[in-house]
Amino acid sequence: MTTIKEFAEEYAKEKTNPVRGFVLNSYLAFKAGAEFAQQWISVEEELPDNPDEVILVKDMGDNVYTAVWEHNAWYVVPFHTDVMIENVKYWRPIERK
C-alpha cells in the first residue's frame, strides 16, 4: 500500500514547475497527500495486508464499520468472531502513515 509520504512526493515531482517554486509544490503535495489519506480503497483493487489491523469498511448501503479482514471475510470489531459484514465495497486504514 502506498504511504501518504510516497504519494505526496510523487505528486510534487509530477507537478514541479520551476516558475512557481517549491512553496506552492509543497502546499499542493500536502493537500494531495491529505486527500489521498481520506480515499476509500475498492475491495476489487486491493485487500488489507495485515489481518489483525483494525480498519474502516463501507458496505453497499454506505454504512461504515470498524472491522478486520480474516480468513477471507470481514468481521465487526470488537466482536469479530461472531459478526460478519457482507457486501463490503470499500475499506481504508484508520490511520494511514
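Residues numbered from 1 in each chain as written. Predicted model: local features only at pLDDT ≥ 70, side-chain atom pairs only at ≥ 80, totals over all residues. Heavy atoms only, no water.

What should I look at first to understand the pairing of strand β4 (residues 73-76) in this one?
Consecutive residues of a regular strand have side chains that alternate between opposite faces of the sheet. Residues Ala73 and Tyr75 of β4 are buried on one face, and the alternating residues Trp74 and Val76, pointing to the opposite face, are buried as well. As judged from the four bridges shared by strand β3 (residues 64-70) and β4, these two strands associate in the antiparallel manner. Within β4, the residue paired with Val68 across the bridge is Tyr75. Hairpin connection of β3 to β4: two residues between the antiparallel strands, including His71 at a positive phi of 50°. Across two bridges, β4 lies against strand β5 (residues 84-85) in antiparallel orientation. (Buried < 20%, exposed > 50% of the residue type's maximum accessible area, 1.4 Å probe, protein only. Helix = DSSP H or I, 4+ residues; strand = E, 2+ residues; numbered from the N terminus. Pairing = 2+ DSSP bridges.)

How do you make sense of the confidence of the model for the protein when you look at a structure like this?
Note: predicted coordinates in regions of low pLDDT should not be interpreted at a detailed level. Across the protein, the average pLDDT comes to 79, with 82% of residues at 70 or higher. Ranking the helices and strands of the protein by mean pLDDT puts strand β1 (residues 41-42) first, with 92, and helix α2 (residues 22-37) last, with 73. (pLDDT = per-residue confidence, 0-100.)

Explain unusual backbone geometry to me, please; I cannot follow it from the model alone.
Most peptide bonds take the trans configuration, and most residues that are not glycine carry a negative phi. With a phi angle near 60°, Asn72 is a residue other than glycine that sits in the positive phi range. As for its position among the elements, Asn72 is in the loop between β3 and β4. Among the residues examined, Asn72 registers a relative accessible area of 67% and is labelled exposed. Of note in the backbone geometry, Asn87 takes a positive phi value of approximately 60° without being a glycine. Relative to the helices and strands, Asn87 is located in the loop between β5 and β6 (88-93).

Teacher, can you tell me more about a negative patch on the surface here?
Taken together, Glu6, Glu9, Glu10 and Glu14 make up a surface patch of like negative charges. Here Glu9 lies in helix α1 (residues 4-14). (Patch = residues over 30% accessible without salt bridge, like charges linked within 9 Å, V, L, I, M, F, W, Y side chains within 5 Å. Areas by Shrake-Rupley, 256 points an atom, 1.4 Å probe, with all protein chains shown as cover. Salt bridge = Lys/Arg side-chain N within 4 Å of Asp/Glu carboxyl O. Lys, Arg positive; Asp, Glu negative; His and termini not counted. Charge placed at Lys NZ, Arg CZ, Asp CG, Glu CD.)

Looking at this structure, I do not really get the environment of Tyr90. What am I missing?
Looking at the secondary structure, you find Tyr90 in strand β6. On the basis of relative accessibility, which here comes to 32%, the residue Tyr90 falls in the partly exposed class. As a C-alpha pair, Tyr90 and Leu56 span 34 residues in sequence and 8.4 Å in three-dimensional space. Residues within four places of Tyr90 in sequence aside, it is in contact with Trp40, Ile41, Ser42, Val43, Leu56, Val57 and Lys58. (Contact = heavy atoms within 4.5 Å.)

Could you clarify how one ought to interpret the nonpolar core in this entry?
The nonpolar side chains of a soluble globular protein tend to be buried, and buried together. Ile41, Ile55, Val57, Ala67, Trp69, Trp74, Val76, Ile85, Val88 and Trp91 together form the largest nonpolar core, which totals ten residues. Contributing elements (two or more residues each) for this core: β2 (55-59), β3, β4 and β6. (Core = buried A, V, L, I, M, F, W, Y, C linked by side-chain atoms within 4.5 Å.)

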